[in-house]
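Each chain, letter by letter, is given below.
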Amino acid sequence: MTRMLIMGPPGSGKGTQAARIADKMGIVAISTGDIFRYNVKELTDLGKEAKKYIDNGDFVPDDVTNRMVEDRIKQPDAANGFLLDGYPRTAGQVEALNEMLKASGHSLSVVLQLEVPDEELVQRLLARADSEGRADDTSEVIQHRLDLYHEQTAAVIESYVDQGIVARVDGTGQIDDITERLLQAVYNVRARTGTLPVINADS
Ligand code: ADP
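Small disclaimer: the values here were computed from a predicted structure and weren't measured.

Enquirer: Could you give me a rundown of the overall build of the protein, with the residues and numbers involved?
Expert: The helix and strand tally for the protein stands at eight helices and five strands. For the protein, the α and β elements follow one another from N to C terminus as β-α-β-α-α-α-β-α-β-α-α-β-α. The C-alpha radius of gyration computed for the protein amounts to 17 Å, which stays within 12% of the reference 17 Å derived for 203 residues, consistent with globular compactness. Referenced to the eigenvectors of the C-alpha coordinate spread, the extents of the protein come out at roughly 55 × 35 × 30 Å. Looking at the protein as a whole, 43% of its 203 residues qualify as buried. Of the contacts made within the protein by residues no fewer than 6 positions apart, 73% connect residues no fewer than 24 positions apart. Counting every atom, the protein has about 10700 Å² of accessible surface; 49% of that belongs to carbon and sulfur.

Shown next as structure tokens:
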């Protein structure tokens, strides 16, 4: 029943790591960026609305994003826990998520923050632009996404520090090593805050 967040700047590898961590922990990884891109591709109403923001590297408005996450975390596969990747990114989203959790009687147990220096992020994203061709991986849009991260999302992480659940993890090096560091960080936070699953000695 673990509910967690993974945050990190664009290009920090949070999508890759979120999938690995969630898999290891037996919970579902939910990426708002992936859900938006799927809807853009399928030309849904949500996708049509979100596209202009995504292409410019702007945040999709909070009311749209919050509603989408609220629907998603109510799905049966999220009942055993989830790892949110890329949400919340604004103060309004933090508030909305708090309300959603309160309504369901749950709380967050860990907030992971992947740290990578800006110079490396820009290099990684430009390399990805060549291989994957994401519309928002152009120099200007990349810079804008980094600016937004530093302006707003870094403060979001701060809002969880008081709860003692934030772990900052070095996001540079080998992908496997980073996964190990993240799993260790999850364990450390849960041991410290007393949210490790209880193992029944009788079973
Ligand atoms: P990145 O973190 O590299 O920017 P994501 O795939 O997480 O990539 O997000 C891609 C885009 O989707 C964002 O630039 C934004 O337009 C939109 N998006 C994703 N998550 C959110 C969110 N929580 N709030 C608003 N917009 C979002």
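On we go.
Enquirer: Let's hear about the UniProt feature "binding site: ATP" (unreviewed entry) in the protein: which residues, and what values?
Expert: The UniProt entry lists Gly11, Ser12, Gly13, Lys14, Gly15, Thr16, Arg128 and Gly173 under the feature "binding site: ATP" (unreviewed entry), expressed in the numbering used here. Turning to its location among the elements, Gly11 is positioned in the loop between strand S1 (2-7) and helix H1 (14-25). Judged by relative accessible area, Gly11 falls into the buried class, the value being 15%. Those residues in contact with Gly11, other than ones at most four positions away along the chain, are Leu121, Arg124 and Leu125. As for its placement among the helices and strands, Thr16 is situated in helix H1.

Enquirer: Explain the site of the ligand residue by residue, including any values.
Expert: Not every one of the 17 residues close to the ligand is listed here, only the nearest: Lys14, Thr32, Arg37, Asp58 and Arg89. Contact distances for the ligand include 2.7 Å between a nitrogen atom and a side-chain N or O atom of Thr32. With the chains in place, 97% of the 530 Å² that the ligand exposes on its own is no longer accessible. Split by residue class, the shell around the ligand holds six nonpolar, five polar and six charged.

Here is what the cut-offs are and how they apply
Residue indices begin from 1 for each chain and proceed along its sequence in written order. This being a predicted model, a pLDDT of at least 70 is required before a residue's local features are given, and a value of 80 or more before pairs of side-chain atoms are given or counted; all residues contribute to the totals for chains, interfaces and linings. Heavy atoms from the whole structure form the basis of all side-chain values; hydrogens and water molecules are not counted. Each helix is a run of DSSP H or I of at least 4 residues and each strand a run of E of at least 2, with the numbering of both proceeding from the N terminus. Radius of gyration: C-alpha atoms only; globule rule: 2.2 Å multiplied by the number of residues to the exponent 0.38. Only protein chains enter the accessibility calculation, which uses a 1.4 Å probe; a residue is then buried when its area is under 20% of its type maximum, exposed when over 50%, and partly exposed in between. The criterion used for residue contact is that any of the two residues' heavy atoms lie within 4.5 Å. For every accessible area listed, the method is Shrake-Rupley and the probe measures 1.4 Å; residues are considered covered only by the protein chains on display. UniProt positions are given in the numbering used here, feature names are shortened, and annotations may be inferred rather than shown by experiment. Nearness of a residue to a molecule or strand requires only that one of the residue's heavy atoms be within 4 Å of it. In protein, a polar contact means a hydrogen-donor-capable atom and an acceptor-capable atom, both N or O and within 3.5 Å, with residues adjacent in sequence counting only if both atoms are side-chain atoms; elsewhere, any N or O pair within 3.5 Å suffices. Residues are grouped as follows: Ala, Val, Leu, Ile, Met, Phe, Trp, Tyr, Cys and Pro are nonpolar; Asp, Glu, Lys and Arg are charged; every other residue, Gly included, is polar.

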